[in-house]
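Coordinate inspection notes
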Amino acid sequence: MRDLIRALWDEPGAPGPPPVGWRDRALVAVLLPVAVLEGLLRPDVPWRTLSLLVGAGLVPTLLLRRARPLLTVVITFGTLFLTQVWALVMGGRPPALNTMIFVLLLPYSLFRWGSKRQALTGLPVMLLPAVLSVPLTSTGPGDAIAGFAILFASMALGEAVRYRAYARVRQLDQVRLIEREQLARDLHDTVAHHVSAIVIRAQAGLAVSASDPAAAGKALRVIETEASRTLAEMRSMVRLLRRSGEPADLSPAPLVGDLDALPQVAAGPALDVEITGDVGSLAPALSTAVYRLVQESVTNARRHARHASRIAVSVAADEQSVHLRVSDDGDTVHPRSGSVPGYGLLGMAERADLLGGSLSAGPNPGRGWTVTAVLPRNGSAS
C-alpha cells in the first residue's frame, strides 16, 4: 500500500499540455464582458463591487489552467475562500456571480494536466470553499449533494481523459514497437540469407585452396569465423526483440516481385498490380518493405472499403526512389476517414519513416481511398 501511495504521489503531470490558443482567448473574451454586465445589471448581486472585481478578475486565470493548473486552483479557490470569510465576518451572502460557473473548468484541468502531487494538494483547496459555502448560502441537502457531485464529476472527467490519453500513447508505442520488430525480422531474413552464402563460399574456398594453402586458408577461416559470428549475433538480436519464444520464421522474406502472387478474394474487389522500373535491383530490405506496405494497404482496403469493385496497386522504381500507390474505389465515408488514424496506418508510416521515406493516406476527391509512399533507394530521405 505504501508503494502504491508513493507511486501515485510521484506520478508526473501529463506531457505536452497544449499552449494557449484562440479558443482560450475567445472564452476569456466572452466571459469578461458577461461578468461585468452581470455585476452591473443583475439586481440581487451581493456585495456588488467586490463580486464584480472577483468575478471579472478571476476570468483571465483560465489562460493558465493547463500550464499552471495548481497555481490557477490556488488563486481562484483561495480567492473564493477569502470572500467567504469576508462574508462570514461582515454578515450576509458571500460575493458571487453566476458567471463564475467557469471555475468548474479548473478541477478538470488540475486532474487532466497536473501531477498527482498537485492534484492531491489542490483537492483540499477546492473542497474548503465548497464546504464553507453550504452554511453561508443556506444550501439545502439536495442542492449541496448536487454541487459536490458536479465538482467531483469535473475531477473524474479530467482523470478519465488523462487515462485515455495515456492509453492511446501506450498503444501507439506498441504499434511502433511491433513494426520495428517486424522490420528487424525482415532484415534478419535478408542478411541471414547472404551471410549463409558467405559461409558456404568460405567453406568451398577452404576445400580448393591448392595454390596458396596457407594464405588462402587463413583468409577463408577469417571469413567463415566473422560470417558465422555475424549470423549468430543477428539471430540473438532478433531473439531479444521477440515478445515471446515462438520459433523463428525461416521462410524467405517476400519481395516486390511477389506482389503478383497476392491472393485474390472471390467475394472482394479485384486486385490489379502494376510494377514498373527496375525493382529487381532494389535492396532486399527495401523490397520487402514495399511488399509489406502494399500488403497492409490491400488488407485495409478489403476490410474497410465498402462497395469497392477494384483495388489498384502501382509500384514504380527509378534511380533515386520507389513510388508506391494503392487506391480503391469504395465509399469515401468509411471508418478510415476518422480524425484519428488507425494503428495499421501508423505502423505503415513508422516503417516508411525508419527507411527514410514518407507515407500518406486519405480519401480521394470522388470515391475511394489512396495510400501513397515514397521510399529512397539509399535509405535516406531524398
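You'll find the structure just up there.
Heads up: these notes are all about the structure in this document.

Definitions and cut-offs
- Residues numbered from 1 in each chain as written.
- Predicted model: local features only at pLDDT ≥ 70, side-chain atom pairs only at ≥ 80, totals over all residues.
- Heavy atoms only, no water.
- Patch = residues over 30% accessible without salt bridge, like charges linked within 9 Å, V, L, I, M, F, W, Y side chains within 5 Å.
- Areas by Shrake-Rupley, 256 points an atom, 1.4 Å probe, with all protein chains shown as cover.
- Salt bridge = Lys/Arg side-chain N within 4 Å of Asp/Glu carboxyl O.
- Helix = DSSP H or I, 4+ residues; strand = E, 2+ residues; numbered from the N terminus.
- Buried < 20%, exposed > 50% of the residue type's maximum accessible area, 1.4 Å probe, protein only.
- Contact = heavy atoms within 4.5 Å.
- Pairing = 2+ DSSP bridges.
- Right-handed = clockwise from strand over helix to strand, strands pointing away.
- Core = buried A, V, L, I, M, F, W, Y, C linked by side-chain atoms within 4.5 Å.
- Axes fitted to C-alpha atoms, helices over the stretch in contact; angles between N-to-C directions.
- Expected span 1.5 Å × (residues − 1).
- Arc of directions from axis to C-beta.

A cluster of nonpolar residues, Val20, Leu63, Leu64, Leu71 and Ile75, forms a patch on the protein surface that exposes about 350 Å² of accessible area. One can find Ile75 in helix H4 (residues 69-90). Look at Ile75 and you get partly exposed, because its relative accessible area is 34%.

In this section: the pattern of salt bridges. Per the counting criterion, the structure on display carries six salt bridges. Taking the shortest distance from any N to any O, the salt bridge between Arg65 and Asp24 comes out at 2.9 Å. A residue pair is termed long-range when its members are at least 10 positions apart, and Arg65 in the loop between helix H3 (48-57) and H4 and Asp24 in helix H2 (residues 22-41) qualify at 41 residues. Each member of the pair, Arg65 as well as Asp24, is classed as buried. Note that Asp272 is salt-bridged to Arg310, the shortest N-O span being 2.5 Å. Residue Asp272 is located in strand S1 (residues 270-276), and its partner Arg310 is located in strand S2 (residues 310-317); the two are separated by 38 residues in the primary sequence. For Asp272, a relative accessible area of 33% puts it in the partly exposed group.

This brings us to the side chain of Ser109. Here Ser109 is to be found in helix H5 (residues 105-113). Overall, Ser109 belongs to the buried group, its relative accessible area being 2%. Once residues within four sequence positions are removed from consideration, Ser109 is found in contact with Arg65, Pro69 and Gly114.

Across seven bridges, S1 lies against S2 in parallel orientation. Note on S2: the bridge partner recorded for Val273 is Val313. Following the backbone out of S1, through helix H9 (residues 284-304) and into the adjacent parallel S2, one traces a crossover that is left-handed. As defined by bridge partners, S2 adjoins strand S3 (residues 321-328) across seven bridges and the pair is classed as antiparallel. Counterpart to Ala316 in the pairing with S3 is His323. With antiparallel pairing between neighbouring strands as the criterion, S2 and S3 make up a hairpin whose turn holds three residues.

Moving on, we get to the nonpolar core. Counting 30 residues, the largest nonpolar core has Val290, Val294 and Val315 as the members making the most contacts within it. For this core, the elements supplying multiple residues, two or more each, are H9, S2, S3, helix H10 (343-354) and strand S5 (369-376). Every residue in contact with Val315, bar those within four places of it in the chain, is listed here: Val256, Leu259, Glu274, Ile275, Thr276, Val290, Val294, Val322, His323 and Leu324. If you look at the next biggest cluster of nonpolar residues, it comprises 23 residues, including Leu58, Leu97, Leu106 and Leu151.

Moving on, we come to the sheet that holds S3. Two orientations exist for strands paired in a sheet by backbone hydrogen bonds: parallel and antiparallel. With respect to topology, five strands assemble into an open sheet ordered S1-S2-S3-S5-S4, the strand pairing being mixed. Across the chains shown, the open sheet's two edge strands, defined by having one partner strand only, are S1 and strand S4 (358-363). Each strand of the sheet is rotated relative to its neighbour by a mean of 10 degrees, with strand direction disregarded.

Take the environment of Leu375 next. Within the secondary structure, Leu375 is located in strand S5. Overall, Leu375 belongs to the buried group, its relative accessible area being 2%. In the structure, Leu375 is positioned 23 residues away from Ala352 in sequence and 6.7 Å away in space, judged by C-alpha atoms. Residue contacts for Leu375: discarding those within four places in its chain leaves Leu286, Ala289, Val290, Leu293, Ser321, Val322, Ala352 and Gly357.

The terminal C-alpha atoms of H2, which comprises 20 residues, lie 29 Å apart, in line with the 28 Å expected from a rise of 1.5 Å per residue. By the burial criterion, the buried members of H2 are Asp24, Val28, Leu31, Ala35, Glu38 and Gly39. Down the axis of H2, the buried side of the element spans an arc of 105 degrees, and every buried residue falls inside it. Away from its buried face, by an angle of more than 90 degrees, H2 presents the exposed residues Trp22, Val30, Leu40 and Leu41.

The next subject is the environment of Met155. For Met155, the location among the structural elements is in helix H7 (residues 141-208). A C-alpha to C-alpha distance of 9.1 Å links Met155 and Leu105, two positions 50 residues apart in sequence. Look past the residues within four positions of Met155 in its chain and what remains in contact with it is Pro107, Phe111, Leu123 and Met126.

We now examine unusual backbone geometry. Backbone geometry places Trp47, a non-glycine residue, at a positive phi of 45 degrees. One can find Trp47 in the loop between H2 and H3. Taking relative accessible area as the criterion, Trp47 reaches 32% and is therefore assigned partly exposed. Within the chain, His307 stands out as a residue other than glycine whose phi angle is a positive 60 degrees. In this fold, His307 is placed in the loop between H9 and S2.

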